[in-house]
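A structural walkthrough
What follows is the residue order along each chain.
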Amino acid sequence: RLNLTLRSNVTLTPDLSVELFGQLFGARGRYQNFRILSSRNDFDRFEAYPKRHDFATSSFLSNAVLRWEFRPGSELFVVWSQTRSLDRNDPFFADQQPHSPYDRSPPARLTDAFDDFAENSFIVKMRYLFL
């Protein structure tokens, strides 16, 4: 499992700032040595369990927030958020995936998140103080 998180706040003026956030996550797992509980404290081998492929998943999350205080107590927020994730266990990739994610290098598995379509959100919020 790998998790890399970067966060930055940049203040351009006392009334204008930008916040940036990015998180890259990758995980993989291998199924092996299946056992079954045969008695209270004992496990036996369980060969009949259906064999599953190893799994790998990766995702990238990012946010950018622009905050502008246009008058005391009144602010405008502009937010852009992007999510990318890819699960190669999805049946859509059945003909494209190698036998195991362990056959691919770690950098190749992490960049999988950028092979998927991004989900973008754009939000504008205004808070106005009436005096």
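Residues numbered from 1 in each chain as written. Predicted model: local features only at pLDDT ≥ 70, side-chain atom pairs only at ≥ 80, totals over all residues. Heavy atoms only, no water.

**Quick notes on the confidence of the model for the protein**
Overall, the predicted model of the protein reaches an average pLDDT of 81, with 77% of residues at or above 70. By mean pLDDT, helix α1 (residues 106-110) is the weakest element of the protein at 68, and strand β7 (residues 119-127) is the strongest at 95. (pLDDT = per-residue confidence, 0-100. Helix = DSSP H or I, 4+ residues; strand = E, 2+ residues; numbered from the N terminus.)

**Describing the packing of aromatic side chains**
Counted according to the given criterion, the structure contains 3 aromatic pairs. Arranged with centres 6.3 Å apart and planes meeting at 20°, the rings of Phe70 and Tyr128 form a pair that is stacked. Placement of Phe70 in strand β5 (residues 55-71) and of Tyr128 in the segment after β7 is noted, with a sequence separation of 58 residues between them. We classify Phe70 as partly exposed; its relative accessible area is 29%. Considering the side-chain rings of Tyr128 and Phe130, the 4.8 Å spacing of their centres and the 70° angle between planes classify their relative orientation as edge-to-face. (Phe/Tyr/Trp six-rings, centres within 6.5 Å; stacked < 30°, edge-to-face > 60°. Buried < 20%, exposed > 50% of the residue type's maximum accessible area, 1.4 Å probe, protein only.)

**With respect to the side chain of Glu75**
Following the sequence through the fold, Glu75 ends up in strand β6 (residues 74-87). One polar contact links Glu75 to Arg67, side chain to side chain, over a distance of 3.2 Å. Once residues within four sequence positions are removed from consideration, Glu75 is found in contact with Arg67, Trp68, Glu69, Phe70, Lys125, Met126 and Arg127. (Polar contact = N/O pair within 3.5 Å; in protein donor to acceptor, adjacent residues only side chain to side chain. Contact = heavy atoms within 4.5 Å.)

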